[in-house]
Amino acid sequence: MKVIAAYLLAVLGGNTCPSADDLKDILGCVGAEVEDDRIQLLLSEVKGKDITELIAAGREKLASVPSGGGVAVSAAAPGAGAAAAPAAAETKKEEKVEEKEESDDDMGFSLFD
């Protein structure tokens, strides 16, 4: 990801065809480790292609990926009001469990270190 980010930064900066040295300079400025094989792989994949077309193609691919977040909604019959209350209590418990936030320390790196 950092190599892709460096490539996009170079393109946004006006360099329409960044070289491996350009990407190494960008990554070196932030103290990131440079992996030559990943840089060469990226440059070989984007060689001769327009970045806006690549982004558009990527968006089309992502549109077919399920994004989750879908919640099953069931309509309760008027006489089933008592059964709906325990279900509502269960969803509140699940929401409390999901509120727990993971810290960045668990990932082993930081974007700004």
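As annotated in an unreviewed UniProt entry, the protein carries the name 60S acidic ribosomal protein P2-4 and is attributed to Theobroma cacao. Its UniProt record, at the heading Subunit (unreviewed entry), says of the protein: "P1 and P2 exist as dimers at the large ribosomal subunit." In its Function (unreviewed entry) section, UniProt records this for the protein: "Plays an important role in the elongation step of protein synthesis."

A. Structural view of helix H3 (residues 36-46). Within H3, the full set of buried residues consists of Ile39, Leu42, Leu43 and Val46. Seen from one end, H3 has its buried residues packed into an arc of 95°, which puts them on one side. Looking at H3, the residues exposed on the side facing more than 90 degrees away from the buried face are Asp37 and Leu41. Tucked inside the fold, the buried residues of H3 contact helix H1 (2-12), helix H2 (20-29) and helix H4 (51-63). Once H3 ends, the next one or two residues include Gly48, with phi positive near 80°.

Parameters at a glance
Residues numbered from 1 in each chain as written. Predicted model: local features only at pLDDT ≥ 70, side-chain atom pairs only at ≥ 80, totals over all residues. Heavy atoms only, no water. UniProt positions renumbered as here; feature names shortened; annotations may be inferred. Buried < 20%, exposed > 50% of the residue type's maximum accessible area, 1.4 Å probe, protein only. Helix = DSSP H or I, 4+ residues; strand = E, 2+ residues; numbered from the N terminus. Arc of directions from axis to C-beta. Contact = heavy atoms within 4.5 Å.

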